[in-house]
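Next come the chains, spelled out residue by residue.
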Amino acid sequence: VSNFLSLHDQMGSAANGTMMRILHYPPVPEHLKPGQIRCGEHTDYGEITLLFQDSVGGLEVQSCEGKYVPAPPIPNTVVVNIGDLMQRWTADKLVSTMHRVLLPKTEAGLKRHRRSIAFFVHPNEDTVIASLDGSNKYPSIKAGRYLDDRLTATYGGKS
């Protein structure tokens, strides 16, 4: 445990990619595009994500069978998602959680703001991510490089 904690001892500095995001989804406009959703399907890049939701809902997670299922808000709880780095580290023993956010299904829900707080946990940038079981299922990579590569692929540059 102490070794694992030391891989995160630079949290809060530029040498660690851990970040918190305040997510705001405004009320939905009257005219919707066909198939419109609030946030498209994706996985998170880091080790784990802690998600604090309000009561509006809309989060869905993909099951092992590939079907999306609602993850309704439960008061005073936190959703924990496995991220891509944890999947690499565990050689797929723990699998990154594909998820999305849909529009509310009720007229009243469409008029409400949705807010959540996501805490994305990453190891220190110089941490080498290699399969813990020795299988080398994925090539070893430093955590900072992995995050930069994913951000570049998604946004065209580090954000």
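Here the structure is shown first, and the text comes after it.
A few points on the structure. Predicted, not measured: the structure shown is a model, and the values here were computed from it. (Residues numbered from 1 in each chain as written. Predicted model: local features only at pLDDT ≥ 70, side-chain atom pairs only at ≥ 80, totals over all residues. Heavy atoms only, no water.)

Moving on, we come to the environment of His 8. Note on placement: His 8 falls in the loop between α1 (2–6) and β1 (19–25). Those residues within four positions of His 8 in sequence are excluded, and the remaining contacts are Asn 16, Glu 47, Val 121, His 122, Pro 123 and Asn 124. (Helix = DSSP H or I, 4+ residues; strand = E, 2+ residues; numbered from the N terminus. Contact = heavy atoms within 4.5 Å.)

Attention now moves to the sheet that holds strand β5 (residues 68–70). Judged by pairing direction, the sheet is antiparallel, and its 4 strands sit side by side in the order β2-β7-β4-β5 without closing on themselves. Looking at which strands have only one partner, the edges of the open sheet turn out to be β2 (39–42) and β5. Each strand of the sheet is rotated relative to its neighbour by a mean of 20°, with strand direction disregarded. Examined bridge by bridge, strand β4 (residues 59–62) and strand β7 (residues 99–101) share 3 bridges and lie antiparallel to one another. What sits directly across from Glu 60, in β7, is Arg 100. (Pairing = 2+ DSSP bridges. Axes fitted to C-alpha atoms, helices over the stretch in contact; angles between N-to-C directions.)

Here the focus is the layout of surface pockets. Taken as a whole, the largest pocket spans an internal volume of roughly 550 Å³. Arg 21, His 42, Asp 44, Phe 120 and Tyr 155 are the residues nearest the centre of the largest pocket, which is lined by 27 residues in total. Looking at which element gives the most residues to the lining of the largest pocket, the answer is helix α4 (residues 143–155), with 5 residues. Estimates place the volume of the second largest pocket at around 160 Å³. Lining of the second largest pocket is provided by 13 residues; of these, Gly 57, Gly 58, Leu 59, Leu 103 and Lys 105 occupy positions nearest its centre. For the lining of the second largest pocket, the per-class residue count stands at 9 nonpolar, 2 polar and 2 charged. (1 Å grid on protein atoms, 1.4 Å probe; cavity = no way out; pocket = protein on both sides within 12 Å on 5 of 7 lines; lining within 4 Å. Points joined across faces, edges and corners; volume = space filled by probe spheres on them. Nonpolar A, V, L, I, M, F, W, Y, C, P; charged D, E, K, R; others polar.)

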